[in-house]
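Secondary and tertiary structure notes
Residues per chain are reported as follows:
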Amino acid sequence: MAAQPEQASILSFEEARAVVEDQASRLRPRGRELLALLDAQGRVLAEPVHADRDFPPFPRATRDGYAIRASDLENLPVDLQIVGEIKAGGAPTGLAVQSGQAVAIMTGAPVPKGADAVVMIEHTLRSGDRVQASRRVAADENIVAAGAEAKRGDKLLSPGVRVGYAEIAVAASVGRSRVVVHAKPRVAVLSTGDEVVDIDVPPGPNQIRNSNTYSLAAQVQAAGGDPVSLPIAPDEPARLSELLLEGLDSDLLLITGGVSTGKYDLVEQELAELKAEFFFTGAQIQPGKPVVFGRVPCGAGTPSTSLRAGPAREGSGAYKSFFGLPGNPISTMVTFELFARPMLEALAGMLPRKLMFTHAKLKSEIRTRTGLKRFLPAVLSGEFERCEVEPVRWQGSGDIASVARSNCYVVIPPDRERMEAGEWVPVLLR
Ligand code: AMP
Ligand code: MG
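Here the residue numbering is sequential within each chain, running from 1 through the sequence in written order. Both sets of labels track the order of writing: A upward for chains, 1 upward for ligands. The model is predicted, so local features are restricted to residues of pLDDT at least 70 and side-chain atom pairs to those at 80 or more, both for listing and for counting; the totals for chains, interfaces and linings are taken over all residues. Values reported for side chains reflect all heavy atoms of the structure, with hydrogen atoms and water molecules removed beforehand.

Time to look at the overall build of the chain. Where helices and strands are cited, they refer to DSSP runs of H or I of at least four residues and of E of at least two residues respectively, numbered from the N terminus. Counting its secondary structure elements, the chain contains seven helices and 30 strands. Each radius of gyration reported is based on C-alpha atoms, and the globular scaling rule is 2.2 Å times the count of residues to the power 0.38. Taking 430 residues into account, the globule formula puts the C-alpha radius of gyration at 22 Å, and the chain, at 30 Å, lies well above it. Projecting the C-alpha coordinates of the chain onto the three principal axes gives extents of approximately 95 × 55 × 40 Å. The buried share of the chain, taken over its 430 residues, is 47%. By definition in these notes, contact holds between two residues if any of their heavy atoms fall within 4.5 Å. A sequence separation of at least 24 residues applies to 73% of the contacts in the chain between residues at least 6 apart. Surface accessibility follows the Shrake-Rupley procedure with a 1.4 Å probe radius. Residue values consider only the protein chains on display as shielding. Summing over all exposed atoms, the chain offers an accessible surface of approximately 20800 Å²; the carbon and sulfur share of this is 51%. Within this scheme the basic residues Lys and Arg register as positive and the acidic residues Asp and Glu register as negative, but His and the chain ends are omitted. The location of each charge is read from NZ of Lys, CZ of Arg, CG of Asp or CD of Glu. With 48 positive and 52 negative side-chain charges, the chain shows a spacing of 2 Å between the two charge centroids. Relative accessible area decides the class of each residue, using a 1.4 Å probe on protein chains only: under 20% of the type maximum gives buried, over 50% gives exposed, and in between gives partly exposed.

Quick look at the structure:
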């Protein structure tokens, strides 16, 4: 008799997310590498980046104008004597601003001693070596004090942040031409189903092409992992089990298809044979309700498998995690983003984060049945306070073309039968 999942349970979306977040918090990334700064874009920092000096290193003028004493400008108009000029990169050597004096200064230049503010050039009138100021300034105005942004030795970037253009700017500003990042996790992708054929094979009249392996591999890449695409598994226990074991060689295993309640949905059964522990076997969502999440103890398979020791095990403890994602292509995509992505990001060394969403006004009324939290492919248009969202017309979670016409998912809470046109609703960006 085949083993059955013992701890089968269907959770609410929030409960399922909490389980995933808890499991993700136990994961450790598997290694590090040193990369040239620009090559680190999209990768996860494995080291802190510190300020190598004060920022700014000198009191910096933030405007073109005149370095003056703010107290000299109390009674306007006032006429000051220009005693020098400092440009960006210039040194204020020997210059000291006394009462009644001004030094012409450019944005980015060091403010000379004695001056405590910069009056913008727009509020002055120069005539020879005299300048008249027509507006007061407060002390410290248009100056950033030395060390005000950061002190030498301050941590500017923490390990676990994903490197984007702002992080690259910080690293560049402290002279880091190379940075240490975490190794990308290897994520196995296993599609199942007798009806599924690969994309370079002409499909028979009742067969469909394998799109899930490709969409998932693309999602894995976008999330910062290295996809390992396995051959399609038939709905047959022995070969399926073999491929599951192969998939468990990677840091995370994503299976698609075979997790519904059909007679040939064998994935859970075969995982149970591998002593899998199931955290959930469904979530109250649409699309994607049959989503499965669990783990297999390392060493549970045959000795010739992945469950032997290897670099991929480093830090991930004595278990390998897996997701059984429903085979319907949109269910696969959505459940990856909702549940698999946080695990992948944790294996990539990323600090935990919440889903990225925005709010938009519903363009037209939506009616649904209650009970499931829905993530409907939709089109977000307009900007800021005028942004609107409308679900695309679709034929359900197998309708790949409809998701390609969408740019987001509109999120409908499980307790609403009807959402009015004009209501602000949460939107997950795609
Ligand atoms: P299943 O979850 O195995 O019951 O599959 C649900 C639906 O998704 C069926 O219509 C399958 O034909 C389809 N499907 C399963 N796997 C894939 C795949 N790799 N690519 C595209 N469609 C798939
Ligand atoms: Mg199937």
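This is not the end of the story, as more comes after the structure.
What follows covers the pattern of salt bridges. Salt bridge, as used here: a side-chain nitrogen of Lys or Arg that lies within 4 Å of a carboxyl oxygen of Asp or Glu. A full pass over the atoms with the stated rule returns 18 salt bridges. The closest approach of N and O atoms between Lys354 and Glu21, which form a salt bridge, is 3.1 Å. Of this pair, Lys354 sits in the loop between helix 6 (329-347) and strand 24 (357-362) while Glu21 sits in helix 1 (residues 13-24), placing them 333 residues apart in sequence. Salt-bridge contacts for Arg30 lead to Asp251; the nearest nitrogen and oxygen are separated by 3.2 Å. With Arg30 in the loop between helix 1 and strand 2 (32-36) and Asp251 in the loop between helix 4 (237-247) and strand 18 (252-256), this pair connects stretches of sequence that are 221 residues apart. Each member of the salt-bridge network shares a partner with another, and the members are Glu337, Arg341, Glu345 and Arg353.

Once that is clear, we can look at the nonpolar core. Here, nonpolar core refers to any group of buried Ala, Val, Leu, Ile, Met, Phe, Trp, Tyr and Cys residues whose side-chain atoms link them within 4.5 Å. If you look at the biggest cluster of nonpolar residues, it comprises 37 residues, and the most contacted ones within it are Leu254, Phe280, Phe323, Phe336, Phe339 and Phe375. At the level of secondary structure, the elements contributing two or more residues to this core comprise helix 1, strand 14 (186-191), helix 3 (212-222), strand 18, strand 19 (277-280), strand 23 (319-325), helix 6 and strand 28 (408-412). Of all the elements, helix 6 adds the most residues to this core, at eleven residues. Apart from the residues lying within four places of it in its own chain, the contact partners of Phe323 are Val20, Leu252, Leu253, Leu254, Ile255, Val292, Phe293, Phe339, Ala340 and Met343. Ranked by size, the runner-up nonpolar core spans 22 residues in total, among them Ala233, Val259, Leu271 and Leu274.

Quick look at the packing of helix 1 against helix 6 now. Taken N-terminus to C-terminus, the directions of helix 1 and helix 6 make an angle of 10 degrees; their axes are 9 Å apart at the nearest point. Put simply, helix 1 runs roughly parallel to helix 6. Crossing handedness for the pair helix 1 and helix 6: right-handed. Contacts between helix 1 and helix 6 involve Phe13, Ala16, Arg17, Val20, Gln23 and Ala24 from the first element and Glu337, Leu338, Phe339, Pro342, Met343 and Ala346 from the second. Under the convention adopted here, Pro, Cys and the residues Ala, Val, Leu, Ile, Met, Phe, Trp and Tyr are nonpolar, Asp, Glu, Lys and Arg are charged, and Gly plus all remaining residues are polar. Looking at the contact of helix 1 with helix 6 residue by residue, the classes come out as nine nonpolar, one polar and two charged. Lines fitted to C-alpha atoms define the axes here, with helix axes fitted over just the stretch in contact, and angles between the N-to-C directions of these axes take values from 0 to 180 degrees. In what follows, roughly perpendicular refers to angles from 65 to 115 degrees, roughly parallel to angles under 35, roughly antiparallel to angles over 145, and oblique to any angle outside these ranges. Throughout, a crossing is termed right-handed when the near helix is turned clockwise from the far one, and left-handed when it is turned anticlockwise from it by less than a right angle.

Within the secondary structure, Ser191 is located in strand 14. Sequence spacing of Ser191 and Asn210 is 19 residues, and the spatial spacing of their C-alpha atoms is 7.6 Å. Those residues in contact with Ser191, other than ones at most four positions away along the chain, are Asn210, Asn212, Thr213, Pro231, Ile232, Ala233 and Thr256. N or O atoms within 3.5 Å of each other form a polar contact, as long as, within protein, one can give a hydrogen and the other can take it, and as long as residues adjacent in sequence are counted only when both atoms are side-chain atoms. A distance of 2.8 Å separates the side chain of Ser191 from the side chain of Thr213, its partner in a polar contact.

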